[in-house]
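Topology and contacts: notes
Okay, here's what each chain looks like letter by letter:
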Amino acid sequence: MAIAIRKPNEIQKLRDANVIVAKTLNYLRENVKPGMTLKEVDKMGEDFILEHGARPSFKGLYGFPGAICTSLNEVIIHGIPDETVLKEGDILGLDIGTELDGWYGDAAITMPIGKISKEDEELIACSKDSLLYAISIIKEGMRFKELSKAIEDFIVARGYQPLVRFCGHGIGKKPHDEPEIPNYLENGSPKSGPKIKNGMVFCLEPMICHEGREPVILENDWDVVSEDGLRGSHYEHTVAVINGKAEILSTVDNQGEH
């Protein structure tokens, strides 16, 4: 299946959906505090998205029960919002999708709950820094496998491991589209596979483990943890390739921050 090339007006529609994601993440980062439950966080996010004219695209997607993914501590991705109470020292992954006029947005952060340990600060920094590094090196003509290898090398150089079997992805009129973009070189040479072209729009989302790369899916069939049982982190942006380089769509100010 071919990777879609988006026209400028389509990229603008994707930008509009992604700006709402970025605003929602900013709102939650500023307002989520110890003592709240994950369900309360979920409702805050859903209400904010609806107030801004979009729909939370994760709600019901593949049967997901929440509006946003709330991944707490050892849960790296796909955390289901429940009655768990947030406490000082926790780290919380927030992954948000929107749909606006038939176009999709998607981004994620991992945020501290109150004051966190230096170890957790460094863990979160790895996911964010590897994402921004990956975005900075994208250029037209490079291969997606080269990008995957570069993300893996960055993560490993920091002393961590990328979670395997989950990956970044294309996005457009569907929340998940071609291509799949692992955070590691899955097979073959980095000089093989499809090339990045102007007009492509996709999500990059480094998922960071301490020691074990293999995922374990918990009994609720959603929460994904590492085989090492340690805390993980996750950051994600939607980017468009414009004039030969990547531009972040999931931002309010175009400076690369949510």
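Because the structure is a prediction, the values reported are computed rather than measured.

Some remarks on the pattern of salt bridges
- The tally for this structure, following the rule as stated, stands at 14 salt bridges.
- Glutamate 146 is paired through a salt bridge with lysine 191; the nearest N and O atoms lie 3.2 Å apart. A residue pair is termed long-range when its members are at least 10 positions apart, and glutamate 146 in helix H4 (residues 144-157) and lysine 191 in the loop between strand E8 (177-182) and strand E9 (201-204) qualify at 45 residues.
- Here aspartate 153 ties to lysine 149 by a salt bridge, and the two come within 2.9 Å at their closest N and O atoms. Here aspartate 153 pairs with lysine 149, and both are found in helix H4, just four residues apart, close to one helical turn.
- When salt bridges with common partners are traced through the structure, they connect Lys87, Asp90, Asp120 and Arg231 into a single cluster.

Observations regarding the sheet that holds strand E10 (residues 207-209)
- If you trace the three strands from one edge of the open sheet to the other, you get E6-E10-E13, paired in antiparallel fashion. Strands with a single pairing partner mark the edges of an open sheet, and in this sheet they are strand E6 (161-162) and strand E13 (233-234).
- Note: E6 against E10, two bridges, orientation antiparallel. Of the residues in E10, the one forming a bridge with proline 162 is isoleucine 208.

Some points on the UniProt feature "binding site: substrate" (unreviewed entry) in the chain
- Per the UniProt record, "binding site: substrate" (unreviewed entry) is found at His78 and His176. Spatial clustering of the annotated residues is evident: they stretch over 99 residues in sequence, but the largest pairwise C-alpha distance comes to 14.5 Å. When only the residues just named are considered, the largest pocket is lined by His78 and His176.
- Along the chain, histidine 78 turns up in the loop between strand E3 (75-77) and strand E4 (91-100).
- Taking relative accessible area as the criterion, histidine 78 reaches 24% and is therefore assigned partly exposed.
- Every residue in contact with histidine 78, bar those within four places of it in the chain, is listed here: Phe64, Cys69, Ser71, Phe166, Trp222, Asp223 and Val224.
- Assignment of secondary structure puts histidine 176 in the loop between strand E7 (167-170) and E8.
- A relative accessible area of 30% places histidine 176 in the partly exposed class.
- Each residue touching histidine 176, except ones within four places of it in the same chain, is listed here: Leu61, Tyr62, Asp106, His169 and Gly170.
- A polar contact is formed between the side chain of histidine 176 and the side chain of tyrosine 62, at a distance of 3.0 Å.

Calculation notes
- Think of each chain on its own: its residues are numbered from 1, step by step along the sequence as written.
- Owing to the predicted nature of the model, reporting of local features is limited to residues with pLDDT of at least 70; listing and counting of side-chain atom pairs is limited to 80 or more, with chain, interface and lining totals taken over all residues.
- The side-chain values count all of the structure's non-hydrogen atoms but skip hydrogen atoms and water molecules.
- Salt-bridge detection follows one rule: a side-chain nitrogen of Lys or Arg within 4 Å of a carboxyl oxygen of Asp or Glu.
- Segments assigned H or I by DSSP are reported as helices when at least four residues long, segments assigned E as strands when at least two residues long, and all are numbered from the N terminus.
- Any two strands with at least two DSSP-identified bridges between them are counted as paired.
- UniProt positions are given in the numbering used here, feature names are shortened, and annotations may be inferred rather than shown by experiment.
- Grid spacing is 1 Å over the protein atoms alone, the probe is 1.4 Å, and a cavity is where that probe fits but cannot get out, while a pocket is an open set with protein on both sides within 12 Å along at least five of seven lines and lining residues have an atom within 4 Å of a point.
- Think of it in three bands: with a 1.4 Å probe and only protein chains considered, a residue is buried below 20% of the maximum accessible area for its type, exposed above 50%, and partly exposed in between.
- Throughout, a contact is declared for two residues whenever any of their heavy atoms are within 4.5 Å.
- In the analysis that follows, any N or O atom pair within 3.5 Å is treated as a polar contact, provided that within protein one partner can donate a hydrogen and the other can accept it, and provided that, for residues neighboring in sequence, both atoms belong to side chains.

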